[in-house]
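A look at the structure
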Amino acid sequence: MNELRDDAARPVRDGEQLDAAKLAQFLGGPVTIEQFPGGHSNLTYLVHQGDRELVLRRPPFGSKVKSAHDMGREVAVLSKLAPVYDRAPHVIAYEPTGDVLGAPFYLMERRRGVILRKDVPDDPALIARVCDLLVDALVDLHAVDYAAAGLGDFGKPAGYVGRQVSGWVERYAGSMTDDIAAMATAGTWLTAHQPADGPPALIHNDFKFDNVIFDSKLERITGVLDWEMATIGDPLMDLGTALAYWMQSNDGPVFQNVLFGVTTKPHMPARAQIAQRYFERSGRRTEHLVFYYVFGLYKTAVILQQIYYRYAKGLTTDARFAPFIMVVRAIADLAQRSIDNDAI
């Protein structure tokens, strides 16, 4: 199948070019630059320097939310995590000042493989395997001894749930462009139904098929990407976000869009099965799964709203972002249904 290939880089999008001469000076040799098309937050480029391939990450142009694009956080977590979690790429270089490219950036090794963005083979056994691999990679991450890895000061786990709820409610207020009643309802419900913090773990906060690389035979995960929101906190909040990305074929027509990846394809397990796999492998339990799922939906909607805000205010001209407000509405409606039905 043609979609089972290396995640290919393409020519750099207009308005997102890098200064190749300055980057060449920083790296000590001529470079050519391409861009990876996936992702809507931090920008990811493929840098060729002779036979060497490096992946460069930098914040988006015109970003309003600096804390969400902290290159230093990604560098910190990857530098300590790579030795103990083999799916984390190794960092090669970090430029924190912005003097070279106008914004901080870092370079890491390229992990080759397959990213399942648009389709999967029509093979129930293979689909079951890749889903199990995805869940198990999250379980393994949550099992990392983060203190022993040198990440004990990477986050503030006490009060994590409360800070996340209040923080995302505030972010939505700061980036709101349209009056969406279900977003207000979901924010109020989350504030009123917070469970106590569970035992902390290193969490990714953006864990989905788009952010993992499989080997060419889809037999193992060779890389986990996009660590910009990683921290120490309640791992069930991480699970909730992962479940929020797991759109089903009965969630509505908006979620059949390629933006939501492969989880709506035939033979894909339901969200409840993904949650069951996680609980079986991790040994964790909760009576508040709907809360974690609704939180994941709300957070995802806010992230898309923040991106749409940049488009609506003319801070980016990327036409991919124009329909995001419709997606925010649809996600808010999905959260409302989950609250009303007390089910994921």
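First things first, this report covers the structure right here in the doc. Please read all numbers here as calculations on a predicted model, not as lab measurements.

Right, let's talk about unusual backbone geometry for a bit. Look at Asn-205: it is not a glycine, yet its phi comes out positive at around 75 degrees. Inspection of the secondary structure puts Asn-205 in the loop between strand 6 (201-203) and strand 7 (212-214). Judged by relative accessible area, which is 4%, Asn-205 ranks as buried. A positive phi angle is found at Asp-226, which is not glycine, with a value near 60 degrees.

As a further point, take the nonpolar core. Core analysis: the biggest nonpolar cluster contains 97 residues, and Phe-209 and Trp-227 have the highest contact counts within it. The element contributing the most residues to this core is helix 8 (residues 289-312), with 15 residues. The contacts of Trp-227, once residues within four sequence positions are left out, are Arg-57, Glu-74, Val-77, Leu-78, Leu-81, Tyr-85, Ala-88, Pro-89, Leu-141 and His-204. Residues Leu-23, Tyr-45, Ala-93 and Leu-107 belong to the second largest nonpolar core, which totals 15 residues.

In this section: the pattern of salt bridges. Enumeration according to the criterion identifies 16 salt bridges in this entry. Close ionic contact of Glu-74 with Arg-57 constitutes a salt bridge, the shortest N to O distance being 3.1 Å. Highlighted residues: Glu-74 in helix 2 (residues 71-81) and Arg-57 in strand 3 (residues 52-58), separated in sequence by 17 residues. With respect to class, Glu-74 is no different from Arg-57; both count as buried.

Within the fold, Gln-305 resides in helix 8. Setting aside chain neighbours within four positions, we find Gln-305 in contact with Tyr-172, Ser-175, Met-176, Thr-177, Ile-325 and Val-328.

Per the stated rule, a full pass over the model turns up 11 aromatic pairs. Pairing Phe-321 with Phe-324 gives two aromatic rings, centres 5.4 Å apart and planes at 55 degrees, and the pair type is tilted. We note that Phe-321, like Phe-324, is buried. An aromatic cluster of at least three residues, connected via ring pairs, comprises Trp-189, Phe-291 and Tyr-292. One residue, Arg-171, lies across the ring of Trp-168, its end atom 4.3 Å from the ring centre. Directly above the ring of Tyr-245 sits Lys-208, whose terminal nitrogen or CZ lies 4.5 Å from the centroid.

The rules behind these values
Residues numbered from 1 in each chain as written. Predicted model: local features only at pLDDT ≥ 70, side-chain atom pairs only at ≥ 80, totals over all residues. Heavy atoms only, no water. Helix = DSSP H or I, 4+ residues; strand = E, 2+ residues; numbered from the N terminus. Buried < 20%, exposed > 50% of the residue type's maximum accessible area, 1.4 Å probe, protein only. Core = buried A, V, L, I, M, F, W, Y, C linked by side-chain atoms within 4.5 Å. Contact = heavy atoms within 4.5 Å. Salt bridge = Lys/Arg side-chain N within 4 Å of Asp/Glu carboxyl O. Phe/Tyr/Trp six-rings, centres within 6.5 Å; stacked < 30°, edge-to-face > 60°. Lys NZ or Arg CZ within 6 Å of the ring centre and 35° of its normal.

In short, the description is geometric, and any link to function would need to be established separately.
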